[in-house]
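Residues per chain are reported as follows:
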Amino acid sequence: MSVSAPVARVLERIASGESVTVACVAEGVRVQSDVMVDAHYDGKPVCAVTLPWVIDGYALLFADETVAAAIAEDRLAAMASALAMPVCILRHVSAPAA
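Report on the accompanying structure. (Residues numbered from 1 in each chain as written. Predicted model: local features only at pLDDT ≥ 70, side-chain atom pairs only at ≥ 80, totals over all residues. Heavy atoms only, no water.)

## Focus on the overall build of the protein
Next, step 1: Secondary structure assignment for the protein yields three helices and four strands.
Next, step 2: Taken from N to C terminus, the helices and strands of the protein fall in the order α-α-β-β-β-α-β.
Next, step 3: For 98 residues, the compact-globule formula gives about 13 Å, and the C-alpha radius of gyration of the protein, at 13 Å, lands near that figure.
Next, step 4: Counting every position in the protein, which comprises 98 residues, the buried fraction comes to 34%.
Next, step 5: Contacts in the protein between residues far apart in sequence, at least 24 positions, make up 57% of those at least 6 positions apart.
Next, step 6: Total accessible area on the protein is roughly 5600 Å²; 56% of this is exposed by carbon and sulfur atoms.
Next, step 7: Taking the average place of the 6 positive charges on the side chains of the protein and the average place of its 11 negative ones, the gap between the two points comes to 3 Å. (Helix = DSSP H or I, 4+ residues; strand = E, 2+ residues; numbered from the N terminus. Rg over C-alpha atoms; globule rule 2.2 N^0.38 Å. Buried < 20%, exposed > 50% of the residue type's maximum accessible area, 1.4 Å probe, protein only. Contact = heavy atoms within 4.5 Å. Areas by Shrake-Rupley, 256 points an atom, 1.4 Å probe, with all protein chains shown as cover. Lys, Arg positive; Asp, Glu negative; His and termini not counted. Charge placed at Lys NZ, Arg CZ, Asp CG, Glu CD.)

Structural data, given as structure tokens:
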């Protein structure tokens, strides 16, 4: 996945422990929290999903390091395919605070 340079810098900041909000403000990137979108299956909306963060149009999902990598990646890939937007995935023990 290719993201803009500012979004890439935001992801690097978050991965190094900076909060999502602080990283986005520092890079001048638009951020929204608790965004509700429809998840789709077979081209039809099936349920509403609340995304913790949307950064400049990219859903930001966190992979829990306590779950086996293969399982976490499968779950996140399924979620990403259901969303009608690009997805960025960061591996964290827990999602950083606002």
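Having put the structure on the table, let's press on.
## Some remarks on unusual backbone geometry
Next, step 1: We note that D34 has phi near 50 degrees; this positive angle belongs to a residue other than glycine.
Next, step 2: The topology assignment puts D34 in strand 1 (residues 31–41).
Next, step 3: Taking the relative accessible area as the measure of exposure, D34 reaches 58% and is therefore exposed.

## Some thoughts on the nonpolar core
Next, step 1: Core analysis: the largest hydrophobic core is formed by 15 residues, its most contacted members being V10, I14, V20, I55, L60 and F62.
Next, step 2: Those elements that place two or more of their residues in this core are helix 1 (5–15), helix 2 (20–27), strand 2 (44–55), strand 3 (58–64) and strand 4 (87–92).
Next, step 3: For this core, the element with the highest residue contribution is helix 1, accounting for four residues.
Next, step 4: The contacts of V10, once residues within four sequence positions are left out, are A23, C24, E27, V29 and I55.
Next, step 5: In terms of nonpolar packing, the next biggest core, distinct from the first, is built from 14 residues, V54, A82, L83 and V87 among them. (Core = buried A, V, L, I, M, F, W, Y, C linked by side-chain atoms within 4.5 Å.)

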